[in-house]
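Listed below, chain by chain, are the residues.
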Amino acid sequence: MADSLTVTDNRTGETYEVPIADGAIRADEFGKIRVDDDSPGLALYDPGFVNTASCRSAVTFIDGEKGILEYRGYPIEQLAEHSNFLEVAYLLIHGDLPTKEQYERWEHEITFHTFVHENVKGFMEGFRYDAHPMGILMASVGALSTFYPESRNIADGDNRHMQIVRMIAKMPTLGAWAYRNAQGKPYVYPDNDLSYTANFLAMLFKMSERKFEADERLVKALDVLFILHADHEQNCSTNAVRSVGSSQVDPYSAVAAGVAALYGPLHGGANESVLRMLRRIGSKENIPAFIEGVKNGDEKLMGFGHRVYKNYDPRAQIIKKACDDVFEVTGVNPLLEIAQELEKIALEDDYFVSRKLYPNVDFYSGLIYEALQFPPEMFTVLFAIGRTPGWLSQWLELVQDKEQKIARPKQIYTGARGLDYVPTSERWA
Ligand code: ACO
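Being a predicted model, the structure only gives us computed values, none of them experimental. (Residues numbered from 1 in each chain as written. Predicted model: local features only at pLDDT ≥ 70, side-chain atom pairs only at ≥ 80, totals over all residues. Heavy atoms only, no water.)

A. Representation of helix H4 (residues 100–111) in the model. In this model, H4 (12 residues) spans 16 Å end to end at C-alpha, consistent with the 16 Å of a helix rising 1.5 Å per residue. Along H4, the residues that are buried comprise Tyr103, Trp106, Ile110 and Thr111. Projected down its long axis, H4 carries its buried residues within an arc of 125 degrees, all on one side. H4 presents Glu101 and Arg105 as exposed residues on the side facing more than 90 degrees away from its buried surface. (Helix = DSSP H or I, 4+ residues; strand = E, 2+ residues; numbered from the N terminus. Expected span 1.5 Å × (residues − 1). Buried < 20%, exposed > 50% of the residue type's maximum accessible area, 1.4 Å probe, protein only. Arc of directions from axis to C-beta.)

In structure tokens:
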């Protein structure tokens, strides 16, 4: 059996052999199919890239049918249990787990780049009191490109590394300050004695105490959440980073595009909707009526279903376990009981079973974030901090991939042609 496709163009009767490699065909092969020399080649129409691979990538593997997620080949379950976010960031960026020396150097580098230029503080203070922290984060990550103009030299490996370290290091500082801005509280400088995630919590919540030391169980839970969000192959924001990065702009500008994409409710905001839904349901007795409403198509069970996962989202399993650790410290979020009961009923109901609708990463994450005292606007900021190493590893792959070109999709033009301009003196007369 040949690895190829035989295509007959019924407009011309011509037959073409299109090679198949890695389960894909190259779209430009279809460009060779044309009616005559003057007409354009055949294009593929795929809004939302539902069935179009835009790159080769060795970063993240997902098998949605089986519920498998691996970073650089390592299962997410093992990384969440045994690793930490900084090590996972190293793994994503470098392609393998670090030796002891490599890890210590990496940790040192990241820790000592957590401070941002004082001018960043100045312009962050310029945002209005009610500015959304994601808007602030997007603007300030983009603005970092002006502080590090050398970052545009993306051909230089050492230079790329420097910017990657800076961005992973500074995201928590920017995210925490965006939060403090909304609270009208003074910004807290990084504490380099603390771990990556403990330092983030200190910058968020420290008040007058000399040292803020968060409960280790909460630090661990948030660290796990960062690991779970660290990459998810070619999702909307990663595609935004790659698309903008393909113009060879500096990585701060490319990552700012990723933050912008994540800001949208279809991408980063579902956990907030889960909380609103649970609050509306209010108590376990109201669940059957709610489920009936979902089955009648009146509304959706938020936090269920996924474009890729047609099985239990492996991240949801891990988060469910992390809930126990967090609630041991903070006390149980009363919405947990409703969520668990909802899940139990839904997983036994034929509507959900037949459609392969399982809890996704957002079903339980909002409950943890709320227990950690984060307001809903901050949920997506946490996602962005976790996703930064993923964005950067994908960006790194992009800029080193000889096959990549500037991202420039085709269109199917549906507008008017060849109109004659009518001067305003005639149109407005
Ligand atoms: N509640 C009830 N029914 C659902 C749900 C849900 N959450 N999700 C899908 N369905 C139904 C659809 O109505 C459809 O039913 P039908 O075949 O009778 O028409 C069927 O299941 C297939 O659903 P699609 O919409 O085709 O699935 P798609 O892959 O396009 O959508 C999505 C995936 C957007 C995640 C969807 O499941 C959804 O809206 N879920 C709720 C929102 C959510 O939790 N989003 C977070 C996703 S995770 C993330 O982005 C980080």
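From this point on, the discussion continues.
B. Inspection of the site of the ligand at higher detail. Close to the ligand lie 18 residues, the nearest being Lys300, Leu301, Gly303, Phe304 and Asn360. With respect to the ligand, the side chain of Tyr351 contributes an N or O atom lying 3.1 Å from a nitrogen atom. In the environment of the ligand, an oxygen atom lies 3.0 Å from a nitrogen or oxygen atom belonging to the side chain of Arg355. Across the complex, the protein chains shield 65% of the 930 Å² of accessible surface that the ligand would expose by itself. Taken together, the residues that form the shell around the ligand break down as eight nonpolar, five polar and five charged. (Near = heavy atom within 4 Å. Polar contact = N/O pair within 3.5 Å; in protein donor to acceptor, adjacent residues only side chain to side chain. Areas by Shrake-Rupley, 256 points an atom, 1.4 Å probe, with all protein chains shown as cover. Nonpolar A, V, L, I, M, F, W, Y, C, P; charged D, E, K, R; others polar.)

C. Region of the structure containing the side chain of Ser365. Inspection of the secondary structure puts Ser365 in helix H17 (residues 362–371). Engagement of the side chain of Ser365 in a polar contact is seen with the side chain of Asn271, the distance being 3.3 Å. Apart from residues lying up to four places away in sequence, Ser365 is in contact with Leu225, Asn271 and Ile319. (Contact = heavy atoms within 4.5 Å.)

D. Inspection of the pattern of salt bridges at higher detail. For the structure shown, the criterion picks out 25 salt bridges. For Asp9, the salt bridge identified is with Arg11, shortest N-O distance 2.9 Å. With a closest N to O distance of 3.0 Å, Asp215 and Arg217 form a salt bridge. For Asp215, a relative accessible area of 26% translates into the label partly exposed. On the accessibility criterion, Arg217 (37% relative accessible area) is partly exposed. Through salt bridges with shared partners, one network takes in Asp22, Arg26, Asp28, Arg56 and Glu403. (Salt bridge = Lys/Arg side-chain N within 4 Å of Asp/Glu carboxyl O.)

E. Seen up close, the sheet that holds strand E4 (residues 60–63). In space, the three strands of this open sheet follow the order E4-E5-E6, with antiparallel pairing throughout. What marks the edges here is a single partner per strand, and that holds for E4 and strand E6 (74–75). (Pairing = 2+ DSSP bridges.)

F. The pairing of strand E5 (residues 68–71), seen in detail. Judged by which residues are buried, E5 turns out to be one-sided: Leu69 and Tyr71 face inward and are buried, whereas Ile68 and Glu70, on the alternate face, are not. The sheet contact formed by E4 and E5 spans four bridges and is antiparallel. Paired with Asp63 across the two strands is Ile68, which belongs to E5. The antiparallel pairing of E4 with E5 creates a hairpin that spans four residues between the two strands, and Gly67 there sits at a positive phi of about 70 degrees. In terms of strand pairing, E5 meets E6 through two bridges, oriented antiparallel.

G. Highlighting the sheet that holds strand E2 (residues 14–21). A sheet is described by the order of its strands in space; here three strands give the open sequence E1-E2-E3, paired in antiparallel fashion. The two strands at the open ends of the sheet, each matched to only one other strand, are strand E1 (4–9) and strand E3 (24–25). Of the strand pairs in this sheet, E2 and E3 are connected by two bridges, and their pairing is antiparallel. Along E3, the bridge assignment pairs Ala21 with Ala24.

H. Geometry of helix H14 (residues 314–330). Helix length check: H14 (17 residues) gives 25 Å between terminal C-alpha atoms against 24 Å at 1.5 Å per residue, within 8%. All of the buried residues in H14 are Pro314, Arg315, Ala316, Ile318, Ile319, Ala322, Cys323, Val326 and Phe327. Contact partners of the buried residues in H14: E5, helix H2 (76–82), helix H9 (216–229), helix H15 (335–348), H17 and helix H18 (379–400). The N-terminus of H14 is capped by Asp313, whose side-chain oxygen sits 2.9 Å from the backbone nitrogen of Arg315.

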